[in-house]
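Tertiary structure, described
Below, each chain spelled out in residue letters.
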Amino acid sequence: MALIDLNSIYKIYNVGGEEVRALDGVDLIINDNEYLAIMGPSGSGKSTMMNMIGCLDTPTSGVYEFEGEKVHIMDDGQLASIRNRKIGFVFQTFNLLPKATALHNVEIPLVYANIRKEKRIKMASGALKNVGLGDRMHHKPNELSGGQRQRVAIARALVNNPSIILADEPTGNLDSKSGHEILAIFDDLHAQGNTIILVTHEDTIAKHAKRTIRLFDGKITEDIKDK
Amino acid sequence: MFSLFFENLKISLSAVFANKMRSILTALGIVIGVLSVTLMGTLISGLDRSFENSMSWLGKDILYISRYEWFSDMEWWEIKNRPRMRTEYVDKIRQRSKYALAVSPVMQRGASLSYKDKETRTEIFGTNEEYMETISTDIQQGRFFTTSEDKSGARVTIIGHGIKEVFFGKENPIGKYIKIDNLKFRVIGVLEKQGKFLGLFSVDKQAILPSGAYKRIFSKRGWMRLSVKVPEDKINEGIDEISGVMRQIRGLRPSDKNNFAINQTKAFEAQYNTLKVAIGGTGIFITLLSLIVGGIGIMNIMFVSVKERTREIGVRKAIGATRGMILSQFLMEAVTICLIAGLVGLLIAYVSSIFINKIFPSTLPLGLSISAIVMSMVVGVLSGFIPAYQASKLDPIDSLRYE
């Protein structure tokens, strides 16, 4: 069974009386342990695609199944639950909570999963150690470098053992050295059996992925596997 | 759900303390609201206590017959035109009334008291041997005067506790002679200590004289009333009967109005209740007003907080917070501000009540304190709900993009 199955997905917005087809009949199957890059110029539907896969948005029409669960008919609470259990987000701007320590930031998804405090701390500190931040757990985001912040974000994405990691331009706000470190972590995670979906507009970054799809005007124009 | 509760509590506290000045200003209305309601309660409890204490001296079963009605708005000349009370009425009431258990005249005027080189000015009372039955104070030392002492005009006196302290200190006053307006009187008794009536004036500085001696020496000035004790369960019948007796004594025709008044402690109670309602009403008005203003302030600041943290809300939703979780987070924040404000208000009220207690005995009522805290939490829920609901409805994608 496919991990993700998008079947003729349409996302149509109405902007000032004009119909905008952000996704215009997308079919896509993503299997377990794939490393996929989604590329395309701005306005191509790249972001909408990411939001759709990440269960932040539902399609205007079409069928979306995530590990057999029908996402396209889910309500708000069910979407929140599937995001919590199955998806780990990594954002371009890290999106950590500034007042919370690294450890607490990583704990938050577990709070929403209603996991007890002791277990939460164990899991969160484990996730931070995995990204090499075992000695930075009690630092706040403003006491960490950009690369370290993004690693905290990755730990937060991983802590719930998600089915996919969804990274939106994860190196966009980093210098090239930190960017390489982050991509090395993704490579590792993929090698460990995780499924990674990377949204980017840079070819050099997309090269890390094993499969690349290109979007243009809401349609998949290219799907290259096993480079 | 405990994890979420503590997480929310943590977020709330950090939000409150991160913006200290803002939180203080926002919470001020709630602080004032809680403060005003609890202080009002303290004040009323103190008044209640002092009132009940004072009323117990008067006695519910005592009727006070005099020329004027207590707390009435009669003109002074109208009162002045009424005939005076006379000591002869005492025997007439005794003969004609079956409800009167004790009848005593009470004549009162100011006088100068002295003992050796000490001198003080105070009120003196002229009365008969039944007087002790019409007051709740007891003789602490010595005895009251007898009927024969009264009839013979013996110059004896019972002094208040305050006079004893001023003149004699620890010395035994019984048998000593004091001067009342330069005439010698022998002290035969001392009244027990009473304190202040309604917290206003001391009644311990007084001297009681037999009416015989009083009339002969002092009756040219001052005023007079009659105290009549009636059975506690027959007060209204007593009033009706004695009113009839008085009309008879005064020779009033059926068409004439009463030219005397029968007062009882109920008049004080009615007056007091009016005062209590006024204090309570003012307190509740101030409280409601400040809670409403405070609630609007909280609502306003919560809208700001939601706006400021739009991105945070987006992140939280992306990593799995449901609408309910976001709603509870912001609701909790509003309630936390209000709860802290309420506790601060209560603390200030408590400290104030200690000082108030030094001026007149009162306590901060526990029930009211609890209700005040509950009330401030309700304000938190009411004023936090709309902003929290707005936060919960935010679209995660838009919120994540919000700058």
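Parameters at a glance
Residues numbered from 1 in each chain as written. Chains lettered and ligands numbered in written order. Predicted model: local features only at pLDDT ≥ 70, side-chain atom pairs only at ≥ 80, totals over all residues. Helix = DSSP H or I, 4+ residues; strand = E, 2+ residues; numbered from the N terminus. Rg over C-alpha atoms; globule rule 2.2 N^0.38 Å. Buried ≥ 20, exposed ≤ 12 C-beta atoms within 10 Å, placed from the backbone. Contact = placed C-beta atoms within 7 Å. Nonpolar A, V, L, I, M, F, W, Y, C, P; charged D, E, K, R; others polar. Expected span 1.5 Å × (residues − 1). Core = buried A, V, L, I, M, F, W, Y, C linked by C-beta atoms within 7 Å. Domains from an automatic or database assignment. UniProt positions renumbered as here; feature names shortened; annotations may be inferred. Axes fitted to C-alpha atoms, helices over the stretch in contact; angles between N-to-C directions. Parallel < 35°, antiparallel > 145°, perpendicular 65-115°, else oblique. Left-handed = near helix turned anticlockwise from the far one by under 90°.

- Going by what an unreviewed UniProt entry lists, chain A is known as ABC transporter domain-containing protein and is assigned to marine metagenome.

**Digging into the overall build of chain B**
- Looking only at helices and strands, one finds 13 helices and 12 strands in chain B.
- Against the compact-globule benchmark of 22 Å for 403 residues, chain B has a radius of gyration of 33 Å, which places it well outside the compact range.
- Seen along its three principal axes, the alpha-carbon backbone of chain B occupies a region of about 105 × 60 × 35 Å.
- Scored against the burial criterion, the 403 residues of chain B give a buried share of 39%.

**A short note on the overall build of chain A**
- Within chain A, the secondary structure is distributed over 7 helices and 10 strands.
- Relative to the compact-globule value of 17 Å for 227 residues, chain A shows a C-alpha radius of gyration of 17 Å, a close match.
- Along the first, second and third principal axes, the C-alpha atoms of chain A reach 50 × 40 × 35 Å.
- Counting over 227 residues, chain A shows a buried share of 48%.

**Quick notes on the interface of chain B and chain A**
- Listed per partner, the contact involves 19 residues of chain B and 23 residues of chain A.
- Mapped onto the side of chain B that touches chain A, the elements with two or more residues apiece are α1 (2–18), α10 (310–318), α11 (323–359) and α13 (396–401) of chain B.
- In terms of residue class, the side of chain B that touches chain A is made up of 10 nonpolar, 4 polar and 5 charged.

**With respect to helix α4 (residues 117–130) of chain A**
All names here are of chain A.
- When the terminal C-alpha atoms of α4 are compared, their 20 Å separation across 14 residues agrees well with the 20 Å that a helix rising 1.5 Å per residue should span.
- On the buried face of α4, the contacting elements are α3 (102–112) and α5 (146–158).
- One or two residues past the end of α4 sits Gly132, with phi positive at roughly 80°.

**Details of the nonpolar core**
- Core analysis: the largest hydrophobic core is formed by 114 residues, its most contacted members being A:Ile38 and A:Ala155.
- Ignoring anything within four residues of it in the chain, the contact list for A:Ile38 reads A:Lys46, A:Met49, A:Met50, A:Ile197, A:Val199, A:Ile213 and A:Leu215.
- In terms of nonpolar packing, the next biggest core, distinct from the first, is built from 46 residues, B:Ala111, B:Ile124, B:Ile208 and B:Val228 among them.

**Description of the domain arrangement of chain B**
- Domain boundaries in chain B define domain 1 (2–54 + 270–401), domain 2 (61–101 + 233–261) and domain 3 (102–229).
- Centre-to-centre separation of domain 1 of chain B and domain 2 of chain B, based on C-alpha positions: 56 Å.

**Regarding the UniProt feature "domain: ABC transporter" (unreviewed entry) in chain A**
- UniProt feature "domain: ABC transporter" (unreviewed entry): in the numbering of this structure it lies at residues 4–224 of chain A.
- Secondary structure across residues 4–224 of chain A comprises 35% helix and 29% strand; the distance between its end C-alpha atoms is 17 Å.

**A look at the packing of α5(A) against helix α6 (residues 176–191) of chain A**
Residue and element names in this part refer to chain A.
- Look at α5 against α6: their axes get within 9 Å of each other, and the N-to-C directions meet at 20°. Relative to α6, α5 is oriented roughly parallel. Two packed elements cross with a definite hand, and for α5 against α6 that hand is right-handed. Taken together, the residues of α6 that come into contact with α5 (itself represented by Gly146, Gly147, Gln150, Arg151 and Ile154) are Ser178, Glu181, Ile182 and Ile185.

**Description of unusual backbone geometry**
- Positive phi outside glycine occurs at A:Glu169, with the angle close to 45°.
- Mapped onto the secondary structure, A:Glu169 falls in the loop between β7 (164–168) and α6.
- For A:Glu169, a count of 20 C-beta atoms within 10 Å puts it in the buried group.
- Phi at B:Lys116 takes a positive value of approximately 55°, unusual for a residue other than glycine.
- Structurally, B:Lys116 can be placed in the loop between β2 (102–115) and β3 (118–127).
- For B:Lys116, a count of 10 C-beta atoms within 10 Å puts it in the exposed group.

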